[in-house]
Amino acid sequence: MIDWSHTALTIGVILGGALTLAGLLIWVERRLLGIWQERYGPNRLGPGGCLQSLADMIKIFTKEDWIPPFADKAVFVITPAIVVITALMSFAVVPIAPSFVVSDLNMGVLFFLAMSSLAAYSVIIGGWASNSKFAFLGSLRAIAQLLSYEVFMGLSLMGAVLLAGSFNLSDIVDAQQQVWFVVPQFLGFLGFFMAGLAEAHRTPFDMPEAEAELVAGYHSEYSGMKFGMFFVGEYLSVILLSAMTVILFFGGWHGPWLPPVVWFVLKMSAFIVLIILIRATWPRFRFDQLLSFGWKVVMPLALINLLVTGGVVLWKAG
Amino acid sequence: MNIWIYARNLTLGLWIVFKRTFTKPVTVQYPEERPYLPPRWRGRIVLTRDPDGEERCVACYLCAAACPVDCIALQAADDPTAQDRRYPEFFRINFSRCIYCGMCEEACPTNAIQLTPDFEQSEYARRNLVYEKEDLLISGTGKYPDYNFYRVAGVKTRDKDKGQAENELPPVDVRSLMP
Amino acid sequence: MEILFYIAAAVTVLATLRVITHVHAVHALLYLVVALIALALIFYLLGAQFAAALEIIIYGGAIMVLFIFVVMLLGPLAVEQERTWLKPGAWVGPGILALVLLGEVGYLIAIGDHLPITVSETRQKGVSIALYGPYIIGVELASMLLLPGLIGAYHLGRRVSKESR
C-alpha cells in the first residue's frame, strides 16, 4: 500500500523546493553574471538583493497578458504550460536522498528522457503558434538542435546505466558508493552535460533564443506570465540537468560526514554555478557548427564510450 | 592536436572568468556613493549674477547663436531703471534638447551663462525640462567671483561714466590738441 | 487502477477522433501526440513500462516532432484544401469498415471469455533478451533498412559543388 502522506509530503517538498530554487536562480544568475563581469548585479531589494525574484514576479504577474491577434490562440496559450509541466514531471523520478523520491520508477532514466523529449514540443509549437518570423526561425533551429542532442543525451548516459545495470536512478546512485561514474564514464559525462546544455538551450547552445539574432527566438511574442513560465521552465531544466548530472555521474547523495540531502544540494549547486559560469564565459556556437559538432564529435564519442563500456561490463561478467 | 588546444583554451577561459569572483567590482553605487565631479564638469546650465547682485547677462544672443541644437531662446530688453544696461526679457533653455556641449559658456562675453557639475535633472514630464529665467538665474557669481562686465567695459552706466572702468584710461578728448 | 485505464482509453479514442476530423494539420498532429501519450499510459498501466517509455521517447518525442516540423512549413493554404477534402461523403466508406470492426468487438464482448485487466510487470531486461535473442534477425533487418535510409538522406541533403554539376 502506498503511504499517501509520505508521498504527498515528498511531492510538496520537491515541488516547492524546485520552484523556489528556480525563482531564486533568476536572481542568482544575474548576481553571479554581475560578479564575473566586475559589476554588482541586482543588490537593492532585501539582503544582497535576494528579493529581486519576488519583485520580478510581482511585475510579471501584473503585466498585460497579451496574445497577438495573428497567433494560433489555443496552442499559443497551452505552450508555456508544457515547459513547466514536463520539467516538473521529471523531478518526480529524481532521488534526492535514500527513499526521498516521489516515484522510484524502474525506468527512471527513460522517464527523464521521455519528459525531456516532450519538452521539445513547447519550443516547437510555441514558435509556430506565435506566427511571427523570428519565433518561427527560433523553433526551426530548436527542432534540429533538440532532436539531435536528445540522441546524444540518451546514448551518453547509457554508459552509466550499463555500469549500474539498472534504469532505476536510486540503483544508479547506489552503484557509485565506491567510485563516482565520472571516472570510468568521463566521455559519457561530457556528452551528457553538453547535450543537457543543448536541451535546456543554455549558452553555448542557445541558438533557439539567440537574442542577438532572433529577438528572443521562439518566445519572442510571449509576454507577462506566459513569458515567465518559459523563464521558470528554463531554470527548472537547468536545475534538472544539474540534478541528473549529479545522480548519474557524481554519486548523488553519497559523501562523507554531511547528511545525504546536504551533499546532493551542494553538488547540484556546484553544477548550477558551473552552468552560469559557462554562460558568462563561452560565446554562442554557429548553428552549422552546433550540428556538425553534435553529429561528428559527440555522437562518435558517445558510441565509442558505449561500445567500450559494454565490452568491459561483459568481460567482467565473464 | 587541435582538440587539446581547444579544450585548454575553453577551460582557461572558465578559470579566468571564475577568478573575477574575488575582484572588487568597478561599479559606483550611485545614489549612496556619489561620483566625483570636477568643477568644470558640464552639467546643468545656470545664469549667474555679478558681485553686485545684478544679472550678468546682457542679452547679446551669442549663446543662442552658438548653440548647436538651438535649445536657447531669449529676447533682449532695455532696463528702464538702469540706463544703458541690457538684460534678457525672457531666457529659456530647453534641457530636453540640450547636449551639454558648453558652447554657450564659451561664447558668453560676460561669463553669465555657466555649466555646473550637476546632472540630476530627471523629470516625469518632458515639459518640466524647459527652464525659464527664474529657474536658471542663481544668486551667486559661479566660477568667476570677482568678474563684473560693466566694471571693465567702457560703456556708460548709471553707476559710472566713460573712462571710469577698471584698467581704463579716461577718454581721449578728440577736440583738444593736448596729449 | 481500472478507472485510470478507462480514462486513458477514452482520451486516446477522443484524441484519435479529433486527429482524423480536424482540418488544421498541426492541430491534428498535436491531438495525435496526446493520443500517443495516452497510449503510453495504457501500456504503463498494463505493466509494459519499457514500451510506455519508448512510445513517448520515439513516437511522441522524435517522430511526431519531425511530422510537425514538416507540416509546420505547409502554411495556412493547406487548411482550405483540407476543408474541401473533408466532405461528409468521404466518411461513408471508412464508417462502414469501422462499423464492421465495432461489430466484431461487440461480438467478442458478448460471448464473454475475456480476461480481466491484469497488471504483470515486464522488465526491460526481458524485452532486450527477446530482441537480441530470438528476434535478432528482425533487429538486424530493421537496422539494414535504416542504413540505406540514412545514406539516401545524406545523398539528397548533401551540397552539390559547382565543379561536379
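Whatever comes next refers back to the structure up there.
Nothing here was measured: the structure is a model prediction, and the numbers come from that model. (Residues numbered from 1 in each chain as written. Chains lettered and ligands numbered in written order. Predicted model: local features only at pLDDT ≥ 70, side-chain atom pairs only at ≥ 80, totals over all residues. Heavy atoms only, no water.)

**Let's talk about the overall build of chain B**
Helix and strand content of chain B: five helices and five strands. Going from N to C terminus, chain B has its helices and strands arranged as α-β-α-β-β-α-β-β-α-α. Whereas a compact globule of 179 residues would reach a radius of gyration of roughly 16 Å, chain B reaches 27 Å, over 25% beyond that. Across the 179 residues of chain B, 30% fall into the buried class. Contacts in chain B between residues at least 24 apart in sequence constitute 69% of all its contacts with a sequence separation of at least 6. Summed over all atoms, the accessible surface of chain B reaches about 12300 Å², with 56% contributed by carbon and sulfur. Counting 24 positive and 25 negative side-chain charges, chain B places the averaged centre of each group 9 Å from the other. (Helix = DSSP H or I, 4+ residues; strand = E, 2+ residues; numbered from the N terminus. Rg over C-alpha atoms; globule rule 2.2 N^0.38 Å. Buried < 20%, exposed > 50% of the residue type's maximum accessible area, 1.4 Å probe, protein only. Contact = heavy atoms within 4.5 Å. Areas by Shrake-Rupley, 256 points an atom, 1.4 Å probe, with all protein chains shown as cover. Lys, Arg positive; Asp, Glu negative; His and termini not counted. Charge placed at Lys NZ, Arg CZ, Asp CG, Glu CD.)

**Side note on the packing of helix 1 (residues 4-36) of chain A against helix 8 (residues 224-249) of chain A**
Angle between the axes and distance between the axes: these two values describe a pair of packed helices. All names here are of chain A. It is at 9 Å that the axes of helix 1 and helix 8 come closest, and there the two elements cross at 100°. Regarding the angle of helix 1 to helix 8, the classification is roughly perpendicular. Contact with helix 1, carried on its side by Ala18, Leu19, Leu21, Ala22, Leu25, Ile26 and Glu29, involves Phe231, Val232, Tyr235, Leu236, Val238 and Ile239 of helix 8 and no other residues of that element. Looking at side-chain class alone, the contact of helix 1 with helix 8 contains 12 nonpolar, no polar and one charged residues. (Axes fitted to C-alpha atoms, helices over the stretch in contact; angles between N-to-C directions. Parallel < 35°, antiparallel > 145°, perpendicular 65-115°, else oblique. Nonpolar A, V, L, I, M, F, W, Y, C, P; charged D, E, K, R; others polar.)

**A closer look at the interface of chain B and chain A**
Each side of the interface is counted separately: chain B has 14 residues, and chain A has 13 residues. Taken together, the two surfaces of chain B and chain A that pack against each other cover about 1400 Å², and 60% of this comes from carbon and sulfur. Among the residues of chain B in contact with chain A, Leu14, Val17 and Gln29 of chain B are the three that bury the most area, contributing 37% of the side total. Our enumeration of links across chain B and chain A arrives at two salt bridges. Residue Glu38 of chain A pairs with Arg20 of chain B through a salt bridge whose shortest N-O separation is 3.2 Å. (Buried area = accessible area lost by both parts, 1.4 Å probe. Salt bridge = Lys/Arg side-chain N within 4 Å of Asp/Glu carboxyl O.)

**Brief notes about helix 5 (residues 133-164) of chain A**
End to end, helix 5 of chain A covers 46 Å across 32 residues, agreeing with the expected 46 Å (1.5 Å per residue, within 8%). Looking one or two places after helix 5 of chain A, you find Gly165 of chain A, whose phi comes out positive at around 70°. (Expected span 1.5 Å × (residues − 1).)

**So, the arrangement of the chains**
Looking at the two pairs of chains with contacts, the pair that accumulates the most is chains A and C. Between chain B and chain C there is no contact, and the shortest C-alpha to C-alpha separation is 26 Å.

**Observations concerning the side chain of Lys267 of chain A**
The topology assignment puts Lys267 of chain A in helix 9 (residues 260-281). Residues within four places of Lys267 of chain A in sequence aside, it is in contact with Trp180, Val246, Phe250, Gly251, Gly252 and His254 of chain A.

**With respect to the nonpolar core**
Residue and element names in this part refer to chain A. Ranked by size, the top nonpolar core spans 110 residues in total, and within it Phe91, Val94, Phe192, Leu236, Met244, Leu248 and Phe249 carry the most contacts. Sort the elements by how many residues they give to this core and helix 4 (residues 108-130) lands first, with 15 residues. Not counting residues within four places of it along the chain, the set of residues in contact with Phe249 comprises Ser156, Leu157, Ala160, Gln176, Trp180, Phe181, Val182, Gln185, Gly188, Phe189 and Phe192. (Core = buried A, V, L, I, M, F, W, Y, C linked by side-chain atoms within 4.5 Å.)

**Structural notes on the side chain of Ser139 of chain A**
Looking at the secondary structure, you find Ser139 of chain A in helix 5. Using a relative accessible area of 0% as the deciding quantity, one classes Ser139 of chain A as buried. When neighbours within four sequence positions are excluded, Ser139 of chain A is seen to be in contact with Val123, Ile124, Gly127, Trp128 and Tyr218 of chain A together with Met72 of chain C.

**Side note on empty space enclosed by the protein**
Residues and elements named next belong to chain A. Applying the stated criterion across every chain yields a total of three cavities of 30 Å³ or more. What the largest cavity holds in volume is close to 310 Å³. The wall of the largest cavity is formed by 25 residues, among which Ser116, Ala119, Glu199, Ala200 and Ser237 lie closest to the centre. Those elements that place two or more of their residues in the lining of the largest cavity are helix 3 (73-90), helix 4, helix 5, helix 7 (186-199) and helix 8. Sorting elements by how many residues they give to the lining of the largest cavity places helix 4 first, with seven residues. Grouping the constituent residues of the lining of the largest cavity by class yields 14 nonpolar, eight polar and three charged. (1 Å grid on protein atoms, 1.4 Å probe; cavity = no way out; pocket = protein on both sides within 12 Å on 5 of 7 lines; lining within 4 Å. Points joined across faces, edges and corners; volume = space filled by probe spheres on them.)

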